[in-house]
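Residue-level structural notes
Here is how the chains run, residue by residue.
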Amino acid sequence: MQFERQGYVIGVLMMVTAIFMLAPMIADIMAGNEDWQSFARAGGIVAVLAGLLILVTRGQWAERNLSLREAFVITALSWLVVPVAGSLPFYFMADRLHFIDAWFEAVSGMTTTGSTVLGGLDQLPPGILLWRSLLQWIGGVGIILMAMVILPFLRVGGMQIFRTESSDRSEKVLAREAAIIPQIAIAFIVLTVLCMVGYALAGMNMFDAVNHALTTISTGGFSTHDNSLGHYDQPAVHWVAAAGMFCGSLPIILFIKSWQRNSLDILRDVQVRGFIKICAVAIAAVTAYLALTGQFGWSDALRVAAVNVMSIISTTGYALGDFTTWGPGANGIFLILMFFGGCTGSTAGSIKTYRLQAMALITKRYIDQLFSPRRIMNLRYGNRTIDEEIILSILAFLTAFAGSIIVVTLALTLFGLDVLTAFSGAVTAITNVGPGLGNIIGPAGNFAPLPDGAKIVMIFAMILGRLEFFALLVLLSPRFWR
């Protein structure tokens, strides 16, 4: 293993982060806000460090093929180091955050979690608001690339079910990645622009439309207002948000294939059909609950349910009202939805639809074999075979998922948080949803009151969940380094 190769990749990613800081700096200059200096300062520091890394390690990347161990290290280090660079504008801004809060905000942004320590969003300078949105958009692109290229290659969490022959060999991974990056970037930009136009036509001003488009398609959930989507009283805005979150939860490669073939391939995908069914059932259940309990009329109940269900199930984290005040029935539904997630190949987090479908198939086979033990049953997921390696990988993922929630919940209670806040905080961090439950971190609150130790725990929980556990946990094994 050559750590110069890891340094080169991190240097490039840091340089990209520094370049993106130009946009919020320009936004502050145009608004006459002196906070542009924080981006100039942060961008200069990050660019210099990145430039030095690139110069020192140049030529190392193409020296030989990427090994499995190097892929693990590059993936983990990128998500641990780059958010630190992204935190500097928060640290240098006029009403500066201390480092832990700045780091928390940046990690939450880049993992598209959407948890925030910032309050008074309506009064914040435009540069900081735009930077938060850009962090989620940048992170969203990285998440999709990781899900489509790196994790199937690493055989993490059953992701190898989506692996093609070209990713079976390490030297093909880089070629495949280089070929697919432009397509993903174009598709992501097109979806973002369409969402922005939708928001603008629905009644948002252009600045809000840009920011919300960036955080809707990336399923991140950062808003420019404390009341999130509740700030807008136009129902059209809410429907655009629901549609955008739905699109952001679908595999972006299927959008690309549908556009290329001028077909509806995306609606024929097994995972997408399953996700649509889950969304439909959840929206119908919440709509009926809100209407039958007399909290909303049927039309308003449908709109509010659609936005909040899509927000939670896509792990976006927008809020249209405080669903924790709707009663235990609604709280129970939304807590369960935190564990679902969108489709793989999207920016959504949590367990994801294909794993739920695979586990249903595995469970059905097990039940059938209880009364017919000699029967041989091959599991098929669409046109793919679910072999024993994939089954073991999914079971290991679910074990790590449940175990991480238990450990993080316990750690948060040790910092003085009540059980509800600790448990929902652990779930929302690991699933990358955003808001939790309770008065502190619920949809109407934020994470600023939490102790620094609890924030550090949640920072690593957000990264752990985003990397689907094993891409980070494998680095803790002594045998990995031998």
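Shown above is the structure to which this text applies.
Before going into details, it helps to say that this report is about the structure given with it. Here the residue numbering is sequential within each chain, running from 1 through the sequence in written order. A pLDDT threshold of at least 70 governs which residues receive local features in this predicted model, and a stricter bar of 80 or more applies before side-chain atom pairs are shown or counted, although totals over entire chains, interfaces and linings include all residues. Processing note: side-chain calculations cover all non-hydrogen atoms of the structure and skip hydrogens and water entirely.

1. A word on the nonpolar core
The criterion, for reference: By nonpolar core is meant a set of buried Ala, Val, Leu, Ile, Met, Phe, Trp, Tyr and Cys residues that side-chain atoms within 4.5 Å join together. Under the scheme applied here, a residue whose accessible area is under 20% of the maximum for its type counts as buried, over 50% as exposed, and between as partly exposed, the area being computed with a 1.4 Å probe on protein chains only. Numbering goes from the N terminus for both helices and strands, where a helix is a DSSP run of H or I of at least four residues and a strand is a run of E of at least two. In what follows, a contact means two residues having at least one pair of non-hydrogen atoms within 4.5 Å.
Formed by 150 residues in total, the largest nonpolar core has its most connected members in Phe90, Tyr199 and Phe334. The leading source of residues in this core is helix H6 (residues 126-154), at 19 residues. Here phenylalanine 90 is in contact with Arg96, Leu97, Ala102, Glu105, Ala106, Leu118, Ile128, Trp131, Arg132 and Leu135, once residues within four sequence places are set aside.

2. Details of empty space enclosed by the protein
Unoccupied space between atoms shows up once a probe the size of one water molecule is rolled over them. Convention followed: With a 1 Å grid spanning the protein atoms alone, the term cavity applies to any set of points in which a 1.4 Å probe fits but cannot get out, the term pocket to an open set with protein on both sides within 12 Å along at least five of seven lines, and the term lining residue to any residue with an atom within 4 Å of a point. Grid points are joined across faces, edges and corners, and a volume is the space filled by probe spheres set on the points. By the convention adopted, Pro, Cys, Tyr, Trp, Phe, Met, Ile, Leu, Val and Ala count as nonpolar, Lys, Arg, Asp and Glu as charged, and the other residues, Gly among them, as polar.
Under the criterion given, the structure shown has three cavities of 30 Å³ or more. Lining of the largest cavity is provided by Ile143, Met146, Ala147, Leu151, Met159, Thr344, Ser346, Lys352, Gly465, Arg466 and Glu468. Of the residues that constitute the lining of the largest cavity, the class distribution is five nonpolar, three polar and three charged. In this structure, the second largest cavity occupies an estimated 40 Å³ of space. Surrounding the second largest cavity, Ile144, Phe188, Leu191, Ile217, Cys247, Gly248, Leu250, Ile252, Phe255, Gly345, Ser346 and Thr347 form its lining. Of all the secondary-structure elements, those providing two or more residues to the lining of the second largest cavity are helix H7 (170-202), helix H9 (235-248) and helix H10 (252-261). A class-by-class count of the residues in the lining of the second largest cavity yields eight nonpolar, four polar and no charged.

3. Some words on the packing of aromatic side chains
As a reminder of what qualifies: Between rings of Phe, Tyr and Trp, where Trp is taken as its six-membered ring, a pair exists when centres lie within 6.5 Å; planes separated by under 30 degrees are stacked, by over 60 edge-to-face, and by other angles tilted. Counting as a charge over the ring demands two things of the Lys NZ or Arg CZ atom: a distance within 6 Å of the ring centre and an angle within 35 degrees of the ring normal.
The tally for this structure, following the rule as stated, stands at 18 aromatic pairs. Note on phenylalanine 72 and phenylalanine 480: the rings are 6.2 Å apart at their centroids and 90° apart in plane angle, and the pair reads as edge-to-face. With phenylalanine 72 in helix H4 (residues 68-92) and phenylalanine 480 in the segment after helix H19 (470-473), this pair connects stretches of sequence that are 408 residues apart. Ring geometry for tyrosine 91 versus phenylalanine 92: centroids 5.5 Å apart, planes at 65°, classification edge-to-face. Here the aromatic residues Phe296, Phe323, Trp326 and Phe334 are joined through ring pairs into a cluster of three or more. Sitting over the ring of phenylalanine 480, arginine 69 keeps its end group 5.8 Å from the ring centre.

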